[in-house]
Amino acid sequence: MTDKPSKFEGKVVAKNVLKVDAIKLAMGKPAYTADYMPPGLLHVKILNSPHAHAKITKIDVSKAEALPGVHGVLYHANTPKIIRTTAGQGYPEPSPYDDYMFDTKVRFVGDRVAAVAAETMRIAEKACELIEVEYEILPAILDFEKSRDPGAPVIHDEEEAHVPIPVFYDPKNNHMAHVDFEVGSIEKGIEEADVVIERTVYTQYSQHTPMEPHVTLAYPDDGRIIIRTSTQVPFHARRITAQTLGIPVRKIRVIKPRIGGGFGAKQEVLNEDIAALFVIRTNRPVILELSREEEFVSSRTRHPMRSRIKVGAKKDGTITVLDLEVLSNTGAYGSQGLTVMSNAGSKTLPLYKCDNVRFVGDTVYTNMPVGGAYRGYGATQSYFALETVMDEIAEKIGMDPIELRYKNHIQVGETSPVFKALGEGKEGVDQTIGSCELTECIRLGAEEINWGEPRETSEEHIKRGVGMCILMQGSSIPQIDMGAAYAKINDDGSFNLHVGATDLGTGSDTVLSQIFAEQLDIPLEDVIIYSSDTDMTPFDVGAYASSTTYLSGEAVRKAAEIIKQVIIKVAAEMMNEKKENLECQNKTIFNPDNDNSVTFGEIAKYSLYEHNQFQISSTASHVSTVSPPPFSAHFADVEVDTQTGKVKVIKYVAAVDCGTAIHPKLAEGQTEGSVLNGISYALTEEMLFNDKGKVVNPNFRQYKIYSTKDMFELKTILVPSYEPTGPFGAKSVSEISINGPLPAIANAIYDAVGVLLLYSPFTAEKVLKAIKEKEKT
């Protein structure tokens, strides 16, 4: 932890204020979706496919429908056949429309077949057992490197499948997405290099494992459907649900209560359509909650990737070529498949100054679980390749890995051709770096980890090593995503602040309240925030792409400034003063040249009850034209047991430049959560499958995630900068640090025992095998 102040020091911003929901959550008061159980509630269970690829030739639901307590069964023959994507992204979506509510074909083990609503979950489960399904089993593709082989079975042969934007899409060859660009000349860069290193690395299937699985409660309300759901994207959920059911958007209201973790999994609209249709059919409230096994098998995962990287450098450390080729496995459906793959290049390659850069990205279909949004969003996979090869380059030319990064990383005032060629946005983004303290991040992190000093172990077979990496990410999707805020003053001078932004437990309700309070110079307790209700709050794309603080926060700051100017105008009328002579401070408008002043409460009463009666309010929206990167330097100190291959993290340091940390403790919490998530991904997390494509470890007994019991010394260092396009200098912080553990630990293992691991996670078995193979050479 660090108490180092931000470069912006406000009265409320850059302070560790009490979270606005802290007391409620600490007292265990109802807050989450499943905490609300209205009378007459029906329970929904989904019947999932046991096959990786099959046609449903016959389905008989009569026995299930006849079971006492069953109120409905949904399947392909009695539900709307409207093609859509479940990806909660900007409209029109960059993901293919390749999915139906229910289909006559199943494409992975865990795909939807039918759903039952019943008086109890036990009855619903029994009814699912009574549904008789006959399948024509089809050949399946389980290896994503074979998806485009000649004669491979076509996973999406439906004519309706398409992408709603003009991008590459070739489902007949299982080729979901393709992106490529080249700047300069790769051949020239290779010729100029004294050292060229090429590596291919693989990253695995993993699951988000939120504490709270996907859960949706829906109920009728005077001809409408109210959906309380654990989602990151309430407005997208409303739109996609209405689209799927073929009903007007106005018929649906989506409310997001508190969420027990999302990490990108809940950027998908998975439950809402089924719950809403059961409400229409039964006129009863229904709840659909995935089991832990269903969360693993049927929700979303991190896209497995193969990353081939080629880097060339001169003897003085100048990088001459960066060449990255990515193959991404989207699974059975193309949710987020294009954008995750694109991010594998756009969030990594601009980190280093280089004139010769190429990226080739492909995403393919398989009959495996579906990839989706996951914290890091493609950058996690490709940083493994990029940052391990950078260490190899440093070794080959005899340069300290830190010095290589110092020399080559992007700086303030510089740009990268990758921003324009591959950047997210309608036409790419030609942006210049406005804030960067990466050099300081490296320096402080190296100092904290004692870089360059010898490390001792107590036993001969235990070897110790240290590794590092540097990172960048982004802040929102420029030119596409939008956040908005609405505010009004109350009689006592307090304010209601309504935002569409989604708090996932990240503390965004608190952060946005701080921004509003800071702009108006009022105490935090005078801000009453309400978020994520499609009827009551203005539009916001939701919590993804590291956008909430940067994008929604600027909308909030604008709304505060607008309402501030209205307040000053009313105060000028009350005080018989010119508004340009007035100042705002501490809930008061005053003239600094005399004693004339009025409080916010007096101004509110004047506007509401006395002269020129009107509601003082404001609405503001914000769309960014750039996506300013946060930067980070990570350092890992590990022990490797050469007898067992077990890797133990001794100390981990993450130095992060997120601009102004609006709430430093929350920023630290986001960093530490990301790091632990990333270390778990690097060392233990992996979904395992049998030869039929079935997940064999869909539980916490066999799928190991790190917890507090596994903790080591973890040091977060917030390195302040000031981002001129962000609210009070803020940038994003939530995603970047998940990208560091994979390369930092891989480099530390190499430093300890001299083996370079190319397949994650770095389990004891893989490490020991690599050590034994090295001993043979």
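Just so we're clear, the structure is a prediction, and the values are computed from it rather than from any experiment.

Q: Before we go on, may I ask you to explain the nonpolar core in this structure?
A: Nonpolar side chains in soluble globular proteins tend to end up buried together. Grouped together as the largest cluster of nonpolar side chains are 112 residues, with contacts concentrated most on L322, F635, I745 and F762. The greatest single-element share of this core, amounting to ten residues, is contributed by helix 9 (residues 379-397). When neighbours within four sequence positions are excluded, F762 is seen to be in contact with F384, V647, A682, L683, L742, I745, A746, I749, L757 and V767. Listed in part, the 46 residues of the second largest apolar core include V17, L512, L524 and A572.

Q: How should unusual backbone geometry be read in this particular structure?
A: Across residues other than glycine, the phi torsion is negative in most instances, and most of the peptide bonds are trans. P92 follows Y91 through a cis peptide bond whose omega is -5°. Here P92 shows up in the loop between strand 3 (70-74) and strand 4 (105-106). In this structure, the amide linkage connecting S760 to the following residue, P761, adopts the cis form with an omega of 0°. Structurally, P761 can be placed in the loop between helix 17 (741-753) and helix 18 (764-776). In this structure, T209 is a non-glycine residue whose phi angle is positive, near 45°.

Q: Before we go on, may I ask you to explain the environment of Q565 in this structure?
A: Note on placement: Q565 falls in helix 14 (residues 548-575). Along the sequence, Q565 and K579 sit 14 residues apart, while their C-alpha atoms lie 8.9 Å from each other.

Q: Can you help me understand a nonpolar patch on the surface in this one?
A: Taken together, the side chains of L18, I23 and M27 make up a nonpolar region of the molecular surface, amounting to roughly 350 Å² of accessible area. Structurally, I23 can be placed in helix 1 (residues 22-26). For I23, a relative accessible area of 51% gives the class exposed.

Q: Which parts of the structure should I look at to understand the sheet that holds strand 8 (residues 195-203)?
A: Sheets are built from strands that pair by backbone hydrogen bonding, the pairs being arranged parallel or antiparallel. Judged by pairing direction, the sheet is mixed, and its five strands sit side by side in the order 7-17-16-15-8 without closing on themselves. Here the strands that pair on one side only, and so sit at the sheet edges, are strand 7 (175-183) and strand 8. Strand-to-strand twist of the sheet, defined as the mean angle between neighbouring strand axes without regard to direction, takes the value 5°.

Q: For this particular structure, what's the right way to read the packing of helix 9 against helix 10 (residues 401-408)?
A: A pair of packed helices is captured by two measures, namely the crossing angle of their axes and the spacing between those axes. Two numbers describe how helix 9 lies on helix 10: the axes approach to 9 Å, and their chain directions differ by 110°. On the basis of the axis angle, helix 9 is roughly perpendicular to helix 10. Counted together, E387, M390, D391, I393, A394 and I397 of helix 9 and P401, L404 and R405 of helix 10 form the full contact between these two elements. Across the contact of helix 9 with helix 10, the residue classes break down as six nonpolar, no polar and three charged.

Q: Would you explain helix 3 (residues 121-130) in this entry?
A: One full turn of an α-helix is made of 3.6 residues, so residues set three or four places apart face in the same direction. Buried within helix 3 we find A124, A127 and C128. Viewed end-on, helix 3 has its buried residues packed into an arc of 105°, placing them on one side of the element. Away from its buried face, by an angle of more than 90 degrees, helix 3 presents the exposed residues R122 and E129. In this structure, the buried side of helix 3 is in contact with strand 1 (42-48), helix 2 (62-66), strand 3 and strand 5 (112-118).

Q: Is there a simple way to think about the confidence of the model for the protein chain in this case?
A: Keep in mind that low pLDDT regions are not for reading the predicted coordinates in detail. When pLDDT is averaged across the protein chain, the result is 96; 98% of the residues are at 70 or more. Here residues 1-6 is a poorly scored stretch, pLDDT under 50, and it has 19 contacts once near neighbours within four places are set aside; other chains count.

Q: Hey, could you run me through the pairing of strand 3 in this one?
A: Side-chain positions along a regular strand alternate between the two faces of the sheet. Taken across its five residues, strand 3 has four buried, putting it largely inside the fold. Across four bridges, strand 3 lies against strand 5 in antiparallel orientation. Bridge pairing in strand 5 links V70 to A118.

Q: Before we go on, may I ask you to explain the packing of helix 9 against helix 17 in this structure?
A: Contact pair helix 9 / helix 17: the axes reach a minimum separation of 8 Å and the direction vectors enclose 35°. For the pair helix 9 and helix 17, the crossing hand works out as right-handed. Residues T380, Y383, F384, E387, T388, D391 and E395 of helix 9 pack against L742, P743, A746, N747 and Y750 of helix 17. In the contact of helix 9 with helix 17, the residues fall into six nonpolar, three polar and three charged.

Q: Explain empty space enclosed by the protein to me, please; I cannot follow it from the model alone.
A: One water molecule sets the probe size; rolling that probe over the atoms shows where empty space is left. For the structure shown, the criterion picks out three cavities of 30 Å³ or more. There is about 260 Å³ of room inside the largest cavity. Classifying every residue of the lining of the largest cavity by side-chain character gives eight nonpolar, five polar and eight charged.

Q: Any chance you could explain helix 5 (residues 234-245) here in plain terms?
A: With twelve residues, helix 5 should cover 16 Å at 1.5 Å per step; its first-to-last C-alpha distance of 17 Å lies within 8% of that length. By the criterion of burial, helix 5 is predominantly enclosed, with eleven of the twelve residues buried. When we look at burial in helix 5, the residues that qualify are P234, F235, H236, A237, R238, R239, I240, T241, A242, T244 and L245. G246 sits one or two positions beyond helix 5 and adopts a positive phi of about 70°.

Q: Hey, could you run me through the pairing of strand 12 (residues 252-255) in this one?
A: Relative to strand 12, strand 11 (residues 224-229) is paired through four bridges, and the arrangement is parallel. Note on strand 12: the bridge partner recorded for I227 is V254. Crossover connection from strand 11 via helix 5 to parallel strand 12: handedness right-handed.

Q: Help me understand the packing of aromatic side chains, please; the structure alone is not making it clear to me.
A: Here the distance between the centres and the angle between the planes together describe a pair of aromatic rings. One pass over the structure, following the stated rule, counts twelve aromatic pairs. Taken together, a centroid distance of 6.4 Å and an interplanar angle of 80° make the contact between F108 and Y333 edge-to-face. Taken as a pair, F108 in the loop between strand 4 and strand 5 and Y333 in the loop between strand 16 (319-331) and helix 8 (337-346) lie far apart in primary sequence, 225 residues in all. Seen from their ring centres, Y169 and Y365 are 6.4 Å apart, and the 75° between their planes marks the pair as edge-to-face. Taken as a pair, Y169 in the loop between strand 6 (132-137) and strand 7 and Y365 in strand 17 (residues 357-365) lie far apart in primary sequence, 196 residues in all. Pair check on accessibility: Y169 and Y365 agree, each one buried. The rings of F296, F700 and Y703 are connected pair by pair, giving a single aromatic cluster.

So, how was this worked out
- Residues numbered from 1 in each chain as written.
- Predicted model: local features only at pLDDT ≥ 70, side-chain atom pairs only at ≥ 80, totals over all residues.
- Heavy atoms only, no water.
- Core = buried A, V, L, I, M, F, W, Y, C linked by side-chain atoms within 4.5 Å.
- Buried < 20%, exposed > 50% of the residue type's maximum accessible area, 1.4 Å probe, protein only.
- Helix = DSSP H or I, 4+ residues; strand = E, 2+ residues; numbered from the N terminus.
- Contact = heavy atoms within 4.5 Å.
- Patch = residues over 30% accessible without salt bridge, like charges linked within 9 Å, V, L, I, M, F, W, Y side chains within 5 Å.
- Areas by Shrake-Rupley, 256 points an atom, 1.4 Å probe, with all protein chains shown as cover.
- Salt bridge = Lys/Arg side-chain N within 4 Å of Asp/Glu carboxyl O.
- Pairing = 2+ DSSP bridges.
- Axes fitted to C-alpha atoms, helices over the stretch in contact; angles between N-to-C directions.
- Parallel < 35°, antiparallel > 145°, perpendicular 65-115°, else oblique.
- Nonpolar A, V, L, I, M, F, W, Y, C, P; charged D, E, K, R; others polar.
- Arc of directions from axis to C-beta.
- pLDDT = per-residue confidence, 0-100.
- Left-handed = near helix turned anticlockwise from the far one by under 90°.
- 1 Å grid on protein atoms, 1.4 Å probe; cavity = no way out; pocket = protein on both sides within 12 Å on 5 of 7 lines; lining within 4 Å.
- Points joined across faces, edges and corners; volume = space filled by probe spheres on them.
- Expected span 1.5 Å × (residues − 1).
- Right-handed = clockwise from strand over helix to strand, strands pointing away.
- Phe/Tyr/Trp six-rings, centres within 6.5 Å; stacked < 30°, edge-to-face > 60°.

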